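# Geometric and topological summary
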Amino acid sequence: MNLQPSVIVVGKYFLKKRPMANGLAMAGSPVILSTLAPLNQFLFDKYGWRGSFLILGALILNCCVAGAIFRPIGPMTSKNKKDKDTSIQDKDPEKVLDLTLFKHRGFLIYLIGNVLMFIAFYAPIVFLAPYGKHLGVDEYSAAFLLSILAIVDMIARPATGMIANTKWIRPRVQYFFSFSVTFNGFCHLMCPLATSYTGLVVYSVFFGLGFGMVCALLFETLMDLVGAKRFSSAVGLVTIVECVPLLLGPPIGGNYLTFFLSCTFFIPD
């Protein structure tokens, strides 16, 4: 409920520098994530899981303040004929959910690719600290891996937005997004090679880079595919469909890990 309106508002506020604006806007979450991992561990040790959730819930209530700052804007006036045509089209009423998007070949490819990606997109964040503990890393050092990831992610998102806003990359932003997804997947394939804390730190750095690139380009690519007029409906449909792999991904990963550890326990080397 927070993310979708924010993404749509940024898309409506900016046109010329929209990729940069998306990158900066999406950089907010890693700013908190960089401090949240050790803070979570501290709150859990001091107040338990119930007290931790109460404090985190109070922090999340600040989203109401951020939402209150958003304001509707009128149609932009421009001397450029193309921009004028765009602003005239934006006056047309938008459908809440435009189901005709499922006939859009580019949208379908984007949606199917995202469903496959989101099955495991957030699972490494869920399992990174526990995996570090499994390798013998202490709790605070394992939690600090998420802070390393978030710091790199925080830099990668606006930097990716700036790169995507250049005249060489913006017309090819879909290819840039494809490269980001491929790079992100390659990082995860290399994760099993990290068997020490140093290896996990290196993995966290590259994972933060790939994760930041994907997040910065995720919605910019969607707007480039469907256009500004159908963007809000496209975001709604994508969010609805992506909920399923987001919900199932971590449990599937956890069950696979349990099965794998059980096999290694019963089957000798």
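As a reminder, the structure under discussion sits directly above these lines.
Values in this document were obtained by computation on a predicted structure and should not be read as measured data. Sequence positions are assigned chain by chain, starting from 1 and proceeding in written order. Totals for whole chains, interfaces and linings use every residue, but because this is a predicted model, local features are given only for residues with pLDDT of at least 70 and side-chain atom pairs only at 80 or more, for both listing and counting. Values reported for side chains reflect all heavy atoms of the structure, with hydrogen atoms and water molecules removed beforehand.

### A word on the overall build of the chain
Each helix is a run of H or I in the DSSP string that is no shorter than four residues. Each strand is a run of E no shorter than two, and both are numbered from the N terminus. A count of helical and extended segments in the chain gives 11 helices and zero strands. What you see in the chain, going N to C, is helices and strands ordered as α-α-α-α-α-α-α-α-α-α-α. Note on contacts: a residue pair qualifies if any of its non-hydrogen atoms lie within 4.5 Å across the two residues. A sequence separation of at least 24 residues applies to 80% of the contacts in the chain between residues at least 6 apart. Counting only carbon and sulfur atoms, one obtains 72% of the accessible surface of the chain, whose full area is about 16400 Å². All accessibility values rest on the Shrake-Rupley procedure with a 1.4 Å probe; residue burial counts only the protein chains present in the view.

### Examining the pattern of salt bridges
The salt bridge definition used is simple: a Lys or Arg side-chain nitrogen within 4 Å of an Asp or Glu carboxyl oxygen. Throughout the structure, instances matching the rule amount to three salt bridges. A salt bridge links Glu220 to Arg18, with the nearest nitrogen and oxygen atoms 3.0 Å apart. Here Glu220, found in helix H10 (residues 197–226), pairs with Arg18, found in helix H2 (residues 18–26); they are 202 residues apart in sequence, far enough to count as distant. The exposure class assigned to Glu220 is buried, which follows from its relative accessible area of 2%. Of the charged contacts, one joins Asp153 and Arg157 as a salt bridge, the two residues approaching to 2.7 Å between their closest N and O atoms. Of the two residues, Asp153 and Arg157 both sit in helix H8 (residues 139–164), four residues apart, roughly one turn of that helix. Here the two residues Asp153 and Arg157 agree in accessibility, since each one is buried. Note on classification: 1.4 Å probe, protein chains only; a residue is buried when its accessible area is under 20% of the maximum for its type, exposed when over 50%, partly exposed between these limits.

### Some words on the side chain of Arg157
A relative accessible area of 4% means that Arg157 is categorised as buried. With residues up to four places along the chain from it excluded, the contact list for Arg157 reads Gly23, Met26, Ala27, Ser29, Pro30, Phe211, Gly212, Cys215 and Ala216.

### Examining the environment of Leu193
The residue Leu193 is located in the loop between helix H9 (173–190) and H10 in this model. On a C-alpha basis, the gap between Leu193 and Tyr203 in space is 9.3 Å, while along the polypeptide they are 10 residues apart.

### Things to note about H9
Helical geometry: 3.6 residues make up each α-helical turn, so side chains three or four residues apart lie on a common side. In this analysis, the expected span of each helix is defined as 1.5 Å times one less than the number of residues it contains. The end-to-end C-alpha distance of H9 is 26 Å, a good match for the 26 Å that 18 residues give at a rise of 1.5 Å each. If you check which residues of H9 are buried, you get Val173, Phe176, Phe177, Ser180, Asn184 and Cys187. Here the buried residues of H9 occupy an arc of 100 degrees about the axis, which is enough to place them on one side. Exposed residues on H9 whose side chains face more than 90 degrees from its buried face are Tyr175, Thr182 and Leu189. Note that the arc is defined by the directions from the helix axis to the C-beta atoms.

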